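An overview of the molecular structure
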Amino acid sequence: MSEDSRAQSWSSSTQVRVQCFTYSWTISNFRFLLDEVRKCLRSSIFSIGDKGKWAMRAHLNGVDEESSEYLSVYLVLLSSPKSPVWAMFQFCILNAQGQKTGLMRSQRVHRFLPGGDWGFRRFILRDFLLRYAHWLLPDDKLTLLCKVSVVQNSFSISEEKRKPGIRIPTCTLAEDLGELWENSRFTDCCLVVAGQEFRAHKAILAARSPVFRAMFEHAVEESRRNRVEIPDLEPQVFKAMMGFIYKGKAPNLHSMADSVLAAADKYGLELLKVMCEDVLCRDLSVENAAHTLVLADLHSAGQLKAQTLTFITDHASEVCETSGWKTMVGSYPHLVAEAYGSLVSAPCPFLEPRLKRLKPS
C-alpha cells in the first residue's frame, strides 16, 4: 500500500458568533452641564441579551490633565451573569441631520469584567463641539451613539447540523453613487473647474453640501442655467472633493490635504474637513508647523490648530528658526501671540530660554 493511500485528513471550521447592539444617549442642556458638572455623567442602563447590563459614561472635562480639553467617553459593564464579557465597541456623534460623525472604534476585542470600562480619553475636543454647535449640538443637545459587538461562545460547525441560510450581499451604495459620478450617468448640471467641465447631479450635491444646496434652492443664475463655476480649485482637488461627496471617501489626501481642507471649508463639508485635519496633524513637522497653524486658523480647523500649537510648544526652538515661522511673524502676529501664550501655559522647568527664542522681536 502506498504512502498516499494510507494518508487520512481531518478538517474543521470554527465560527465566532457576534451579537451587535446600538444604544443612543442624548445629553440635554450641554452647555449648562459643561460649566456646572465637573464629574462624570452616566446614561440609562441597557441590556444586551444575556450579556449583562451596560451603560455609557461621559466626562465633559476629560478624565485627567492630558484629556482636560476633551470629552471622554466610556462603555461600562455594570453586571453580568457570566464574566468576563469580550466585546468591541465604537462611539460616534449624531449631528443635526442625524448623520454619524466623529466615529472612533476599538482596535481589538476587549475583556470586560463587572464594574470595568473601556473607552476613549480624548474622544473629541470641547472647543470643536462648541465651535460647530449648530451641527453637533442642535438645541444644545449632544447625542452619542454606541455600537457594541459582543462575542458569543465559539462553536465547531462539524459538531452541529449545518443549517441553510440566506447570504446577504454587501451594500454597494457608495460604489453605485460613485459610478454615477465617474461615468456621468443621468446628470443634470455642469461644474466648470479651471476651464474643464464635469457633469454632476444637483440632488446629490445639495444633499451633501449646504453651500450647493443654497445655490440650487435660490433663483440664482447657476440654478437657472444648471451650470456652476468653481473658482480657485485645481481639478485634482475638485475631484478629491467630489469623490468624498459621492462615496464618502477622499483618496490621496496626503499629497493635497491643505488644498482639500480649504475646499471642504468653503463648501461646508465638515467631515471631509476633519479628515484633512487628521492627515495634516499626522504630517506635522518642524518645517511645516507654522504653515499648518496659519492654515488651521484661516479655515477654523479647531482640532488641528490645538494640536499644532502643542507641537510648536514642544519644538519651539527649532520652529522659530524656520522660514515659515518668520513669515508668520510678519503676516500673522496674532498667531505668534497665541503660540507664545501656549508656551507660557505649558508646564516646563526649563521654559525661559524657549520663551526668549519664540517671542517675536
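In this text, all values refer to a predicted model and were calculated from it rather than measured experimentally.

For the protein, the helix and strand inventory stands at 17 helices and 15 strands. Buried positions account for 43% of the 361 residues belonging to the protein. Taking as baseline every contact in the protein between residues at least 6 positions apart, the subset at least 24 positions apart corresponds to 62%. Counting only carbon and sulfur atoms, one obtains 50% of the accessible surface of the protein, whose full area is about 20500 Å².

This next bit is on the sheet that holds strand E14 (residues 196-200). Through backbone hydrogen bonds, the strands of a sheet pair up, either in parallel or in antiparallel fashion. Taking strand neighbours across the sheet as the criterion, the three strands line up as E14-E13-E15 in an open arrangement whose pairing is mixed. Among the strands making up the open sheet, the edge pair consists of E14 and strand E15 (227-229). Averaged over all pairs of adjacent strands, the angle between strand axes in this sheet comes to 25°, irrespective of strand direction. Both strand E13 (residues 189-193) and E15 contribute to a ladder of three bridges, which runs parallel. When the sheet's bridge partners are listed, Cys190 is paired in E15 with Arg227. Helix H9 (residues 235-247) contacts E13 and E14 of the sheet and is inclined by roughly 5° relative to E14.

Glancing now at the packing of aromatic side chains. Counted under the stated rule, the structure contains 15 aromatic pairs. Relative to Phe91, the ring of Phe89 has its centre 6.0 Å away and its plane inclined at 65°; by these criteria the two rings are edge-to-face. Taken as a pair, Phe89 and Phe91 share a single burial class, namely buried. By the ring-pair criterion, three or more aromatic residues cluster together here, those being Trp54, Phe89, Phe91, Phe112, Phe120 and Phe123. For the cation-ring pair, Arg108 lies above Trp118, with the distance from its terminal atom to the ring centre recorded as 5.4 Å.

In this section: the layout of surface pockets. The calculated volume of the largest pocket comes to roughly 1100 Å³. As for the largest pocket, its lining consists of 32 residues, and the residues nearest its centre are Leu103, Met104, Phe123, Val274 and Asp278. Contributions of two or more residues to the lining of the largest pocket are made by strand E8 (100-105), strand E10 (117-125), helix H4 (133-136), helix H11 (270-282) and helix H13 (302-314). Of all the elements, H11 adds the most residues to the lining of the largest pocket, at eight residues.

Moving on, we get to the packing of helix H12 (residues 289-298) against helix H15 (residues 323-331). Their axes nearest at 7 Å, the elements H12 and H15 cross at an angle of 40°. When the interaxial angle is binned, H12 and H15 end up oblique. Note on element contacts: H15 touches H12 through Gly324, Trp325 and Met328, opposite Ala290, Leu293 and Val294. Tallied by class, residues from the contact of H12 with H15 come to five nonpolar, one polar and no charged.

This part is about the environment of Ser28. For Ser28, the position within the fold is in the loop between strand E2 (18-27) and helix H2 (30-36). As a C-alpha pair, Ser28 and Thr143 span 115 residues in sequence and 8.6 Å in three-dimensional space. In contact with Ser28, not counting residues within four places along its chain, are Leu33, Asp140 and Lys141.

Moving on, we come to the pattern of salt bridges. For the coordinates displayed, the defined rule picks out 11 salt bridges. For Asp278, the salt bridge goes to Arg282, with nearest N and O atoms at 2.9 Å. Highlighted residues: Asp278 and Arg282, both in helix H11, separated by four residues, approximately one helical turn. Look at Asp278 and you get partly exposed, because its relative accessible area is 36%. Lys305 is the partner of Glu338 in a salt bridge, and the nearest nitrogen-oxygen pair spans 3.0 Å. Here the residue Glu338 occupies a position in helix H16 (residues 333-345), and Lys305 occupies one in helix H13, the gap between them amounting to 33 residues.

This part takes up unusual backbone geometry. Notably, Asp139 is not glycine yet its phi reads approximately 55°, a positive angle. Here Asp139 is to be found in the loop between H4 and strand E11 (142-151). Of note, the phi angle at Phe186 is positive, near 55°, even though the residue is not glycine.

Attention now moves to the environment of Gln97. Position of Gln97 relative to the elements: it lies in the loop between strand E7 (85-94) and E8. A relative accessible area of 54% means that Gln97 is categorised as exposed. Spatially, the C-alpha atoms of Gln97 and Pro138 are 9.3 Å apart, while their sequence positions differ by 41 residues.

So, how was this worked out
- Residues numbered from 1 in each chain as written.
- Predicted model: local features only at pLDDT ≥ 70, side-chain atom pairs only at ≥ 80, totals over all residues.
- Heavy atoms only, no water.
- Helix = DSSP H or I, 4+ residues; strand = E, 2+ residues; numbered from the N terminus.
- Buried < 20%, exposed > 50% of the residue type's maximum accessible area, 1.4 Å probe, protein only.
- Contact = heavy atoms within 4.5 Å.
- Areas by Shrake-Rupley, 256 points an atom, 1.4 Å probe, with all protein chains shown as cover.
- Pairing = 2+ DSSP bridges.
- Axes fitted to C-alpha atoms, helices over the stretch in contact; angles between N-to-C directions.
- Phe/Tyr/Trp six-rings, centres within 6.5 Å; stacked < 30°, edge-to-face > 60°.
- Lys NZ or Arg CZ within 6 Å of the ring centre and 35° of its normal.
- 1 Å grid on protein atoms, 1.4 Å probe; cavity = no way out; pocket = protein on both sides within 12 Å on 5 of 7 lines; lining within 4 Å.
- Points joined across faces, edges and corners; volume = space filled by probe spheres on them.
- Parallel < 35°, antiparallel > 145°, perpendicular 65-115°, else oblique.
- Nonpolar A, V, L, I, M, F, W, Y, C, P; charged D, E, K, R; others polar.
- Salt bridge = Lys/Arg side-chain N within 4 Å of Asp/Glu carboxyl O.

Geometric descriptors of this kind do not, in isolation, establish any biological role.
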